[in-house]
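Observations on the model geometry
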Amino acid sequence: MALPDFLVMGAPKAGTTALHTALADHPQLYMSPVKEPKFFLTDGPPPRRGGPGDVRTYREHVWRRADYEALFDAAPEGARRGESTPFYLYDLAAQRRIRALIPEARLIVTIRDPVERAHSNWTHLWSAGLEPIHDFVQACAAERARVDAGWSAFWHYISLGRYGEQLRHLYTLFDRDQVLVLRYRDIVEAPAETLDLICAFLDVKQGILTELPRENVTAHPDHTLTHRTVSRALRAAEAVGRHLPRPVGAAMTDSLERVLQQNSKQRQPLTWAERQQVIPYFEADIRLLETVTGLDCGDWLQPREQSGGLVGSRPAGQRQARNGRARPP
């Protein structure tokens, strides 16, 4: 039986893609060739409805157990097997499924300033032409209606960042020594030290991995007439594409997304005024997180001079990821 020994389980937009790519270079580790199989998110087939672009993503789920186990068949003997699905932390039912199938698994959790995480999440979908609301604060306010309408977890900008609730539940299922919680800023600012910490946690040789690749850097197209027009066309193509063979639907939307992201500027930092409007969604949970983990996260409630993280120009030839995979032009 080929199942993972460890999971990089969240949160989205908190460095899981870069970590997955970095860990794959360790000779004692084997990372699944599909970065986000999402196997533990359902007990069977994924949903068939959701928000813009959701159905296409659902079709990429590796939900059959035989297919999931096959992802790890090529692992060298003795290598620790892993995969990275950043929604496992948020989905409490997924946590329970993990506990039932691989109770001895080691779990790597990355957490990020929840306002920053939400903003990067929103920018990702805006850049992809899927987010119809051009104002980040307004998009956060729309979350409840989107959840009620069955939009997928990636649209839950606020709820995804309530790590206190998520970790409190996780610790009822797994011993604390099975869980490694990392702050995203440490991943970005001290990659070699953080990667050594992960290797020690996984009982593999340290000092081999020293750098974190610039993966899944989010661009930020301006709110222009062109963006509105192309985005509407892209969302319409996504709706039509769900009824077409996968290659045909992908070809329709990929060409439009390429137009949206051409010559886009880097993700823009939030103003303090914007942060002040969003922080109240998280304040109580940040205090809970501090209680649950013993971490000091008070800086998340303060002004920030600039947005942190993997911002800046994308590496040449890289496009924004879908399903966690950076795509060529």
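This write-up is about the structure you can find in this document. (Residues numbered from 1 in each chain as written. Predicted model: local features only at pLDDT ≥ 70, side-chain atom pairs only at ≥ 80, totals over all residues. Heavy atoms only, no water.)

Thoughts on the packing of aromatic side chains
- Counted according to the given criterion, the structure contains 10 aromatic pairs.
- In this structure, Arg106 packs its charged tip against the face of Phe201, placed 5.8 Å from the ring centre.
- The lysine or arginine in question, Arg176, covers the ring of Tyr171, its NZ or CZ lying 4.0 Å from the ring centre. (Phe/Tyr/Trp six-rings, centres within 6.5 Å; stacked < 30°, edge-to-face > 60°. Lys NZ or Arg CZ within 6 Å of the ring centre and 35° of its normal.)

Focus on the sheet that holds strand β5 (residues 179-183)
- With parallel pairing, five strands are arranged side by side in an open sheet as β2-β3-β1-β4-β5. The open sheet has two edge strands with one neighbour each: β2 (29-31) and β5. Adjacent strand axes in the sheet meet at a mean angle of 20 degrees, parallel and antiparallel pairs treated alike.
- Bridge analysis of strand β1 (residues 6-8) against strand β4 (residues 106-111) gives three bridges, and the strand direction is parallel. Directly across from Phe6, in β4, lies its bridge partner Arg106. (Pairing = 2+ DSSP bridges. Helix = DSSP H or I, 4+ residues; strand = E, 2+ residues; numbered from the N terminus. Axes fitted to C-alpha atoms, helices over the stretch in contact; angles between N-to-C directions.)

Concerning unusual backbone geometry
- Cis peptide bonds are those with omega within 30 degrees of zero, and the linkage from Gly10 to Ala11 qualifies with 5 degrees.
- Tracing the chain through its elements places Ala11 in the loop between β1 and α1 (16-23).
- Even without being a glycine, Lys13 presents a positive backbone phi close to 65 degrees.
- With respect to the helices and strands, the residue Lys13 is situated in the loop between β1 and α1.
- On the basis of relative accessible area, Lys13 is assigned to the buried category, the value being 12%.
- Within the chain, Lys38 stands out as a residue other than glycine whose phi angle is a positive 65 degrees. (Buried < 20%, exposed > 50% of the residue type's maximum accessible area, 1.4 Å probe, protein only.)

Section: the packing of helix α8 (residues 163-170) against helix α14 (residues 283-293)
- For the pair α8 and α14, interaxial distance at closest approach is 7 Å and the crossing angle is 35 degrees. Across from Tyr163, Gly164, Glu165, Leu167 and Arg168 in α8, the residues of α14 making contact are Asp285, Leu288, Leu289, Val292 and Thr293.
- Split into classes, the residues belonging to the contact of α8 with α14 amount to five nonpolar, two polar and three charged. (Contact = heavy atoms within 4.5 Å. Nonpolar A, V, L, I, M, F, W, Y, C, P; charged D, E, K, R; others polar.)

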